[in-house]
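This is what each chain is made of:
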Protein chains: 2
Amino acid sequence: MPATIRDVASLAGVSVATVSRLVNRSGKVRDDTAARVQAAIEALGFRPSAVGRNLSTSQTRSLGVVIPSLTNPVFADAVAGINEEARARDYTLMFTATNYDRAEEQGIVDAFLAYRVDGLILTVADPDNSPVLDLLEREGVPYVLIYNQPNARGRPTVTVDNVAAGREAAEALVKLGHRRLGMVAGRFSASDRALARRDGFLTGARAAGCPDPLVLEVDFVDLNAEEALRPLYGRRGEAPSALFCSNDLLAMAVVGALGRLGLNVPDDVSVMGFDGLAIGTQLHPTLATIVQPSREMGRAATAQLLDRLSGEVPLRTVTLPHSLRLGESAGPAAKPSPTELRDSPAFENEET
Amino acid sequence: MPATIRDVASLAGVSVATVSRLVNRSGKVRDDTAARVQAAIEALGFRPSAVGRNLSTSQTRSLGVVIPSLTNPVFADAVAGINEEARARDYTLMFTATNYDRAEEQGIVDAFLAYRVDGLILTVADPDNSPVLDLLEREGVPYVLIYNQPNARGRPTVTVDNVAAGREAAEALVKLGHRRLGMVAGRFSASDRALARRDGFLTGARAAGCPDPLVLEVDFVDLNAEEALRPLYGRRGEAPSALFCSNDLLAMAVVGALGRLGLNVPDDVSVMGFDGLAIGTQLHPTLATIVQPSREMGRAATAQLLDRLSGEVPLRTVTLPHSLRLGESAGPAAKPSPTELRDSPAFENEET
DNA sequence: TTCATGAATGTAAACGGTTACATTTGTGAA
DNA sequence: TTCACAAATGTAACCGTTTACATTCATGAA
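All figures in this text were calculated on a predicted structure; none of them were measured in a lab. (Residues numbered from 1 in each chain as written. Chains lettered and ligands numbered in written order. Predicted model: local features only at pLDDT ≥ 70, side-chain atom pairs only at ≥ 80, totals over all residues. Heavy atoms only, no water.)

**Q** What is the right way to read the side chain of Asn148(B) from this model?
**A** Mapping Asn148(B) onto the fold places it in the loop between strand 4 (143–146) and strand 5 (157–160). When neighbours within four sequence positions are excluded, Asn148(B) is seen to be in contact with Leu122(B), Thr123(B), Val124(B), Ala125(B), Pro127(B), Thr157(B), Thr159(B), Asp192(B) and Arg193(B). (Helix = DSSP H or I, 4+ residues; strand = E, 2+ residues; numbered from the N terminus. Contact = heavy atoms within 4.5 Å.)

**Q** Honestly, the relation of the copies chain B and chain A in this entry has me stumped. Any pointers?
**A** The second copy of the chain is related to the first by a rotation about an axis and a shift along the axis. Screw-axis analysis of chain B against chain A gives a translation of 0.1 Å along the axis, an RMSD of 0.1 Å, and a rotation angle of 180 degrees. The operation mapping one copy onto its partner corresponds to a two-fold rotation axis. Residue Met94(B) of chain B places its C-alpha closer to the rotation axis than any other residue of that unit, at 2.1 Å. (Least-squares fit on C-alpha atoms with pLDDT ≥ 70 in both.)

**Q** Mind showing me how you'd approach the interface of chain B and chain A here?
**A** How big an interface is tends to be reported as the loss of accessible area on association of its parts. Opposite the 56 residues of chain B that make contact, chain A presents 57 residues. For the chain B and chain A pair, buried surface summed over both sides reaches about 4700 Å², with 55% attributable to carbon and sulfur atoms. The three residues of chain B that bury the most area against chain A are Arg47(B), Tyr115(B) and Gln282(B), which together make up 16% of that side's buried surface. Between chain B and chain A we count 6 salt bridges in total. For Asp110(B), the salt bridge goes to Arg47(A), with nearest N and O atoms at 2.9 Å. Joining chain B to chain A, the criterion identifies 24 residue pairs in polar contact (both at pLDDT 80 or more). Where the side of chain B that touches chain A is concerned, the elements lending two or more residues are helix 4 (50–57), helix 5 (73–88), strand 2 (92–97), helix 6 (102–114), helix 7 (131–139) and helix 11 (248–260) of chain B. When residues in the side of chain B that touches chain A are grouped by element, the largest group, 8 residues, is from helix 6 of chain B. Tallied by class, the residues present in the side of chain B that touches chain A amount to 28 nonpolar, 17 polar and 11 charged. Two strands pair when backbone bridges link them, and strand 2 (residues 92–97) of chain A and strand 2 of chain B are joined in this way by 3 bridges, in the antiparallel orientation. (Buried area = accessible area lost by both parts, 1.4 Å probe. Salt bridge = Lys/Arg side-chain N within 4 Å of Asp/Glu carboxyl O. Polar contact = N/O pair within 3.5 Å; in protein donor to acceptor, adjacent residues only side chain to side chain. Nonpolar A, V, L, I, M, F, W, Y, C, P; charged D, E, K, R; others polar. Pairing = 2+ DSSP bridges.)

**Q** What is the right way to read the protein's contact with DNA strand D from this model?
**A** Neighbouring residues of DNA strand D: 28 residues in total, closest Ser15(A), Thr33(A), Arg6(B), Ser20(B) and Ser56(B). Counting only the atoms of DNA strand D within 4 Å of the protein, the fraction contributed by sugar and phosphate is 58%. Interatomic distance of 2.9 Å between a side-chain N/O atom of Arg21(A) and a base nitrogen of DNA strand D. Among the secondary structure elements, those contributing two or more residues to the surface near DNA strand D are helix 2 (16–24) and helix 4 (50–57) of chain A together with helix 1 (5–12), helix 2 (16–24) and helix 4 of chain B. (Near = heavy atom within 4 Å.)

**Q** In this structure, what is going on with the sheet that holds strand 6 (residues 181–185) of chain B? I would like to understand it.
**A** Consider a sheet: its strands pair through backbone hydrogen bonds, and that pairing is either parallel or antiparallel. Residues and elements named next belong to chain B. With mixed pairing, 6 strands are arranged side by side in an open sheet as 7-6-8-9-10-12. Looking along the sheet, the strands with just one partner apiece sit at the ends: strand 7 (214–217) and strand 12 (323–325). Strand-to-strand twist in this sheet, taken as the mean axis angle between neighbours without regard to direction, amounts to 20 degrees. As judged from the 4 bridges shared by strand 6 and strand 7, these two strands associate in the parallel manner. Within strand 7, the residue paired with alanine 185 across the bridge is glutamate 217. The sheet strands contacting helix 9 (residues 192–207) are strand 6, strand 7, strand 8 (242–245) and strand 9 (270–275), and the helix crosses strand 6 at an angle near 180 degrees. Set on the sheet, helix 11 makes contact with strand 6, strand 8, strand 9 and strand 10 (288–291); between it and strand 9 the angle comes to about 160 degrees. (Axes fitted to C-alpha atoms, helices over the stretch in contact; angles between N-to-C directions.)

These values are about where atoms sit, not about what they do.
Structure follows, in structure tokens:
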């Protein structure tokens, strides 16, 4: 239905080659011819078909983006960065979320490959054991991982040093006087980075001579933070005075849950997140967190991929700097143990 | 580089038509031939090119998605719904965010049209005056709006009744005893729905005999809620005891800012948001809000569009039900006027 | 055995661009 | 004017599918 290059050519009384040359500035065409062709293009509302072009050039100027979920703004931020960079270089994005489902991962990548995307940017469940990535290698389709951990196979990744960051989180909390640390994390099976953050956190705690932090693995997708924390803060004794959470969304939920349990953040319990979501700076208390440059990671991954596509630059793993944002949700350890809060009304129903 | 249908055909000793028939189940092929072809397909790792197919069938089984921003989870939720529905029906998504920029809007849609997407789902700045939508009409490319307001031109839209919802927000606050209402909103020029919510809110307030609510228009993208609210709550007198915010992200920021200004939510000021973001239920206090079914809106828009693409079902405007979630951030109006808080330490620097 | 018939398969022309190569046109020098 | 050469334009093959139509094959009836 839409006008084709042949329609334009015949209306302008030239050959398709001339039209193509004008449209793509890929050759010289005399001014008067150009004007005639231009007029024809406008008269017909000609819009060159990317499909035809893709077929003949065997590249699509499109990228596939595969992330676990859009519900976590941290991925949305990265996609925003990818989008910016891609747009700036005139690439189009094919997009999908896998909901942390490996089968979906596979299906999606198959679809993207059928569409002949020029490259992919993805976050997978486990880069060291990923059929999807193996497939991409076999097919020779370039890709860059984001958020995933630097991995055994040397797969190109844009990330932050999650282990170091986890360690720094522990150090920061220790510095505030905390000794009984804890961590709340989503399922490690779905997130190699949460695992790395935990490792770093444990290392940091041990190095500081703290008792091994308690690690609470919770269902992130369908979360009831209050239920998860109640056993911890319901009983007298050794509950952590500071909690490190594997991401900001979780941290926000933990702050909320502690509040509902009658505990004050940070006076009774300190909470530190991971991601650096913008909203964290707006909350009260503001959220202490490890900031990773999500948007920038998206940008960097895309830039690298596009460079690779237009030169033969090899893809590499890049570690971007993270930083500690010491928000109000992390404060000095209380002198009196938080366990004395045991009698607060929030716990009157504890035995039910 | 990848194997083509001809490669498969010649390896299997059949014609391309036979391969095509097998791959698409579009005709009969004898069992033994099928087996031979199947073997060839696997041997070569043949993956039919969507590009070739698109060209010959002149449809792409892809949809374009254009939203203002991914940074606001409400859009991310809708995209999640779109993604689910599209995947289920084997469509692929091309995606981009416009950052509320009309020029971007135009550029994006041009690109999507070049790729010959079969249809579009979008949220635009102003549906009544949108060159982009005019273009789509001219080109005869089907589209469905989401979040946008039902509009003069009868453009198909999936949305909620923002006016009614705004009115209900006012009524709910009045019912809690509030009379001095206020609203905090993002730029109305970028959001027809914020405008509708305001209209409903004002109507509701008037109907209840309240003085006209104060409406504060703030820069949502680059927000400093504390600065925006300080003049209101810094001075003695008629500050609203309840604030309705045009979206949840804003509401969360407002709750935080009020806290930093030394005011308690909801004891001193009630806050109600709009969207029903999941995280709102985790916060402390939980966020009172008008819930719109974002994911479902995405699903519904996509379902409608795909139905239209495979039948000749006309596109229509659908209004999905919203609901009031009365979270803890909205509470009964305090008996003593909040203005007595004037002397709290939070305001000691007021004159600086 | 011969035929009619339907099933299975093959042929070749689209689809809408790009581009190597061929051809025509225009220019300035001899 | 003629010629050499560059500039401008044209021709047609090709990219990887689908599909209308043609052809071949197998089968059972006459």
